[in-house]
Structure formats: structure tokens, C-alpha cells
Amino acid sequence: MEIDIISFTDEQYARLSDEQLIQVKDVQIKKNKLLRALEEAKATERYRMLKDGIFLGASYAKVCEQLQAVYEEEINNLRDGLLFYLRFSVRDDDGQETPYLVDYSLDYVERIRIVREYYETTYPDAVDRLLALKEDQVAMSYLGEYYSSLYELYRDEAYPND
């Protein structure tokens, strides 16, 4: 498959993670589907105009221009979304490794779900969970203002009578 949704060098593609490559592939497939849909829409419009006896070169060209403009806008939206994802999914928090997905393109609800799922499955003991979260500098920056809510939840679970 040819990747033309973004202009990356082979070295840039080689540096992408598996998840990022899958995202690039998925967006490229969406772009290819949009291109096929554009061609089908042009053919359908041409057939309709011929059938209705109103096919004129200028009117067909105008319809094609409009369809092309919609297509290009959708492609630009896909490209911008992909570039945003790639930009923030490679964010490196001081080189610290994390055992959970750190993807800055996700909304905070999804980020919290991922971090919480990791801690609750990895640390069944509430005190251990709280201590591990307290030491996690990546979670602190990754969750932003929502870190304190998760911290308080785990603190209340670890020390319910305090």
C-alpha cells in the first residue's frame, strides 16, 4: 500500500511505534475509501445528468469541483488528525518507561481509564496501589489535573478511616 496521506521519510516511519503505524495505515485506508467514493459520486452524477438530458461540460465540471472540494476538506481533516496524533503520541516524559499506554491524543476520560485499569489490575492491595501511583511521575503529567482525583480515590481506598 502506498502511504500518501502524510509525507514522511522512511526513517520517520521506521521510528514510529506499532500503534502509530497502525494509525497511519487506518487513516490511509480511510483516504483511499474517500477517493473511491469521490470517483463513484462523479460517475453517478455524470450518469444522472446524461439520463436527465442536462449533461453539459460546464455543469458537470462545476459539480465535480464541488465534490472535489468536499473530498479535499475531508482528507485535510484526516491528515490534520493523524499529524496531531503522531505529534502527541510520541511525547516522551523524560525518557521514563510506562507499563501502560501513554497517548496524549486521547481525552482525559480515556487516559484515566487506561491508568486506572493498569493500577487496579497490577496492584490488588490498595496501599501498594497508592504508593505506586504516588511514585509515578508520568501519570502525574499525563493525567494533569485529574491525577489528584485518582490519587484521592486510591488514598480513600487505602486508608478508609482517615
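The structure under discussion appears in the preceding block.
Going along each chain's sequence as written, the residues are numbered from 1 onward. With pLDDT at 70 or above as the cut-off, local features in this predicted model cover only qualifying residues; side-chain atom pairs require 80 or more to be listed or tallied, and sums for whole chains, interfaces and linings still use all residues. Based on all heavy atoms of the structure, the side-chain values leave hydrogens and waters out of the count.

Peer 1: Can you break down the overall build of the protein residue by residue, with the values?
Peer 2: Under the DSSP-based scheme used, a helix requires at least four consecutive residues in state H or I and a strand at least two consecutive residues in state E, with every element numbered from the N terminus. When its secondary structure is counted, the protein shows seven helices and zero strands. Walking the protein from its N terminus toward its C terminus, one meets helices and strands in the order α-α-α-α-α-α-α. Scaling as 2.2 N^0.38, a compact globule of 162 residues should have a C-alpha radius of gyration of about 15 Å, whereas the protein reaches 24 Å, well beyond that. Principal-axis analysis of the C-alpha atoms gives the protein an extent of 80 × 40 × 20 Å. In what follows, a contact means two residues having at least one pair of non-hydrogen atoms within 4.5 Å. By sequence separation, contacts in the protein at least 24 residues apart represent 60% of the contacts at least 6 residues apart. Per element, the accessible surface of the protein, about 10,800 Å² overall, is 51% carbon and sulfur. The positive charge centre, built from 20 side chains, and the negative charge centre, built from 34, are 9 Å apart in the protein. Every radius of gyration here is taken over C-alpha atoms, with the globule rule written as 2.2 Å times N^0.38, N being the number of residues. For the area figures, the Shrake-Rupley method with a 1.4 Å probe applies, and any residue is considered shielded solely by the protein chains shown. Positive: Lys, Arg. Negative: Asp, Glu. His and the chain ends are not part of the count. Positions of charges follow a simple convention, taking NZ of Lys, CZ of Arg, CG of Asp or CD of Glu.

Peer 1: With reference to specific residues and values, describe the pattern of salt bridges.
Peer 2: The term salt bridge refers to a pairing of a side-chain nitrogen on Lys or Arg with a carboxyl oxygen on Asp or Glu at a separation within 4 Å. Scanning the model with the defined rule gives eight salt bridges in all. The salt bridge partner of R48 is D52, with a shortest N-O separation of 3.3 Å. Placement of both R48 and D52 in helix α2 (residues 18–52) is noted, with a separation of four residues, approximately one turn of the helix. Given the relative accessible area of 34%, R48 is considered partly exposed. If you follow the salt bridges from partner to partner, you end up with E45, R48 and D52 in one network. Note on classification: 1.4 Å probe, protein chains only; a residue is buried when its accessible area is under 20% of the maximum for its type, exposed when over 50%, partly exposed between these limits.

Peer 1: For the side chain of D136, give the residues involved together with the corresponding values.
Peer 2: Inspection of the secondary structure puts D136 in the loop between α5 (126–135) and α6 (137–143). Salt bridges are absent for the buried D136, whose nearest opposite-charge side chain, R129, sits at 12 Å. In protein, a polar contact means a hydrogen-donor-capable atom and an acceptor-capable atom, both N or O and within 3.5 Å, with residues adjacent in sequence counting only if both atoms are side-chain atoms; elsewhere, any N or O pair within 3.5 Å suffices. Side chain to side chain, D136 and Y100 meet in a polar contact 2.6 Å long. For D136, the contacting residues outside a window of four places in its chain are Y100, Y119 and Y147.

Peer 1: Pulling in residues and values, what's your account of the nonpolar core?
Peer 2: Grouped together as the largest cluster of nonpolar side chains are 20 residues, with contacts concentrated most on Y100, V115, Y119, L133 and Y142. Secondary-structure elements contributing two or more residues to this core are α4 (108–122), α5, α6 and α7 (147–158). If near-sequence neighbours (up to four positions away) are discounted, Y142 is found in contact with Y100, L101, V102, D103, Y104, L106, Y108, R111 and V115. In plain words, nonpolar cores are sets of buried Ala, Val, Leu, Ile, Met, Phe, Trp, Tyr and Cys residues tied together by side-chain atoms within 4.5 Å.

Peer 1: Give me the packing of α4 against α7: which residues, what numbers.
Peer 2: Between N-to-C directions, angles cover 0 to 180 degrees, with each direction set by a line fitted to C-alpha atoms, over the stretch in contact for helices. At a minimum axis separation of 11 Å, α4 and α7 run at an interaxial angle of 25°. Between α4 and α7, the angle falls in the class roughly parallel. For the pair α4 and α7, the sense of crossing is right-handed. Within the contact between the two elements, α4 uses V115, R116, Y119 and E120 and α7 uses L150, L153 and Y154. Throughout, the ten residues Ala, Val, Leu, Ile, Met, Phe, Trp, Tyr, Cys and Pro are labelled nonpolar, Asp, Glu, Lys and Arg are labelled charged, and all others, Gly among them, are labelled polar. Of the residues contributing to the contact of α4 with α7, the split by class is five nonpolar, no polar and two charged. Should an angle fall under 35 degrees it is taken as roughly parallel, and over 145 as roughly antiparallel, whereas 65 to 115 is taken as roughly perpendicular and any remaining angle as oblique. The handedness criterion is simple: a crossing whose near helix is rotated anticlockwise from the far helix by less than a right angle is left-handed, and one whose near helix is rotated clockwise is right-handed.

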